[in-house]
Amino acid sequence: SFVERFPAPQPLLKRFYFFALEIVSGLLDLFHEEPRYGFMPGVPKKIIVFTKAKADSYLAKGYDPDTIHVVGSPDFQLIRELKQRVDTDSAFKKRLLEKYDLNDNKIKIVVILYRFYLSPPREHKMTVEEHVEHYYHLFKIIRDIFPVNTADVVLRMHPSENNMEGIYKPYETLGVQLSYGPEAKTDELICLSDIYVGEPSTSVNNMVLASGIPAIFVNLSQFEALDKTGEHFNIHHIIKTQGALEEALMNFKKGKMPRYYDNSHLVLNSVDKIVKHIK
């Protein structure tokens, strides 16, 4: 075969080959105003990036700053528009409520968990049983303040847990609905909910900030590194104790819960900006 007759070059030979190729192509390009044979990075007329950090990385590579345009994440605009549609289109909202078996006359609470049985360092890692028990305690606190007849509580499971819904069956005794699988959309659940309860490190917090819904960020474990990640989402208060969680939930119930995050920095017209630059 071709591979047998012409085996892959050794690393040293490969380096020499590309070195020689660069010299030859450079000599050939001496006769042209613009490179035709050499290895050249693309020089686009426009570079559209979501963050300033990404823009800085292009500037460090020598790209023309006039071609770089920071537009913000399109997810923020998409989530905000979905939330507005839920709030203004009653037929659309009704279809979503039916999809998730939620009651429009009840408070809707969506919860996102941190997978303590999988991700943290060894000293903070839990067994599956310990993880389930840890969050059973959290759901019990929620249910003590928001009984089944007043609130729908939904656990939106991580996509990697689609085959592990059985571990959360104990929560169903508290009237917690398990949401998983490809048909369950986190953005829809966030925009349907009246309040969100989640940990500080999940990227779902971006959806929460864009939707503008009330939110409680909670970490009842000893894994304090989780708290630091909240800074990336402009979260300025994290619940650390049972008493603080009970107080926050009661304040929400009374309509007096303060906002625990700042979303004033969000760019909410990113998609419009992208379309404008493409045109």
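Predicted model only: the values in this text are computed from it and were never measured. (Residues numbered from 1 in each chain as written. Predicted model: local features only at pLDDT ≥ 70, side-chain atom pairs only at ≥ 80, totals over all residues. Heavy atoms only, no water.)

1. Overview of the sheet that holds strand 6 (residues 195–198)
Point 1. Pairing in this open sheet of five strands is parallel, and the strands run 5-4-3-6-7 from one edge to the other. For this open sheet the edge positions go to strand 5 (176–179) and strand 7 (215–217), each flanked by a neighbour on one side alone. Each adjacent strand pair in this sheet contributes to an overall mean axis angle of 20 degrees, direction not counted.
Point 2. Packed on one face of the sheet, helix 8 (residues 204–211) meets strand 3 (107–112), strand 6 and strand 7 and runs near 155 degrees to strand 6. (Pairing = 2+ DSSP bridges. Helix = DSSP H or I, 4+ residues; strand = E, 2+ residues; numbered from the N terminus. Axes fitted to C-alpha atoms, helices over the stretch in contact; angles between N-to-C directions. Contact = heavy atoms within 4.5 Å.)

2. Description of the packing of aromatic side chains
Point 1. One pass over the full model with this rule turns up 10 aromatic pairs.
Point 2. For the ring pair Tyr136 and Tyr171, a centre distance of 6.3 Å and an interplane angle of 35 degrees mean the geometry is tilted. Of this pair, Tyr136 sits in helix 6 (residues 128–145) while Tyr171 sits in the loop between strand 4 (151–156) and strand 5, and the two are 35 residues apart along the sequence.
Point 3. Here Tyr136 falls in the partly exposed class, since its relative accessible area comes to 30%. (Phe/Tyr/Trp six-rings, centres within 6.5 Å; stacked < 30°, edge-to-face > 60°. Buried < 20%, exposed > 50% of the residue type's maximum accessible area, 1.4 Å probe, protein only.)

3. With respect to empty space enclosed by the protein
Point 1. Scanning the model with the defined rule gives two cavities of 30 Å³ or more in all.
Point 2. In this structure, the largest cavity spans a volume of roughly 50 Å³.
Point 3. A total of three residues in the lining of the largest cavity trace back to one element, the largest contributor, which is helix 6.
Point 4. Of the residues that constitute the lining of the largest cavity, the class distribution is seven nonpolar, two polar and one charged.
Point 5. Of the pockets and cavities examined, the second largest cavity occupies roughly 30 Å³.
Point 6. Lining the second largest cavity are Val111, Ile112, Leu113, Tyr135, Leu138, Val197, Gly198, Glu199 and Val218.
Point 7. Sorting the residues of the lining of the second largest cavity by element identifies strand 3, helix 6 and strand 6 as the ones contributing at least two each. (1 Å grid on protein atoms, 1.4 Å probe; cavity = no way out; pocket = protein on both sides within 12 Å on 5 of 7 lines; lining within 4 Å. Points joined across faces, edges and corners; volume = space filled by probe spheres on them. Nonpolar A, V, L, I, M, F, W, Y, C, P; charged D, E, K, R; others polar.)

4. A short note on the packing of helix 6 against helix 10 (residues 242–253)
Point 1. At their nearest, the axes of helix 6 and helix 10 sit 10 Å apart, and the two run at 35 degrees to each other. Regarding helix 6 and helix 10, the two cross each other, and that crossing is right-handed. Contact residues: His137, Leu138, Ile141, Ile142 and Ile145 in helix 6; Gln242, Leu245, Glu246, Leu249, Met250 and Lys253 in helix 10.
Point 2. Split by residue class, the contact of helix 6 with helix 10 holds seven nonpolar, two polar and two charged. (Left-handed = near helix turned anticlockwise from the far one by under 90°.)

5. Some details on a nonpolar patch on the surface
Point 1. Among the surface-exposed residues, Leu13, Phe16, Phe19, Ile23, Leu27, Leu30 and Phe31 lie close enough to one another that they form a single nonpolar patch of about 830 Å² accessible area.
Point 2. Relative to the elements of secondary structure, Leu13 occurs in helix 2 (residues 11–28). (Patch = residues over 30% accessible without salt bridge, like charges linked within 9 Å, V, L, I, M, F, W, Y side chains within 5 Å. Areas by Shrake-Rupley, 256 points an atom, 1.4 Å probe, with all protein chains shown as cover. Salt bridge = Lys/Arg side-chain N within 4 Å of Asp/Glu carboxyl O.)

6. With respect to unusual backbone geometry
Point 1. With phi around 55 degrees, Asp101 is a residue other than glycine that occupies positive phi space.
Point 2. Inspection of the secondary structure assignment puts Asp101 in the loop between helix 5 (90–99) and strand 3.

7. Quick word on the pattern of salt bridges
Point 1. Tallied over the full model, the rule gives 12 salt bridges.
Point 2. One salt bridge connects Lys108 with Asp104, and the closest N-O pair in it is separated by 4.0 Å.
Point 3. On the basis of relative accessible area, Lys108 is assigned to the buried category, the value being 4%.
Point 4. Owing to a relative accessible area of 43%, Asp104 belongs among the partly exposed residues under this scheme.
Point 5. Put simply, Lys106 and Asp152 hold a salt bridge, and the shortest N to O gap is 3.9 Å. Here Asp152 lies in strand 4 and Lys106 lies in the loop between helix 5 and strand 3, a separation of 46 residues in the sequence. For the pair Lys106 and Asp152, one class covers both residues: buried.
Point 6. Salt bridges sharing common partners tie together Lys93, Asp104, Lys108 and Asp194.

8. Looking at the side chain of Asp227
Point 1. If you trace the backbone, Asp227 turns up in helix 9 (residues 225–229).
Point 2. There is a polar contact of 2.9 Å between the side chain of Asp227 and the side chain of Asn219.
Point 3. The residues touching Asp227, leaving out its near neighbours within four places in the chain, are Pro200, Asn219, Ile238 and Lys240. (Polar contact = N/O pair within 3.5 Å; in protein donor to acceptor, adjacent residues only side chain to side chain.)

9. Notes on the environment of Glu183
Point 1. Looking at where Glu183 falls in the secondary structure, it is placed in the loop between strand 5 and helix 7 (186–192).
Point 2. Sequence spacing of Glu183 and Tyr100 is 83 residues, and the spatial spacing of their C-alpha atoms is 9.8 Å.
Point 3. For Glu183, the contacting residues outside a window of four places in its chain are Lys99 and Tyr100.

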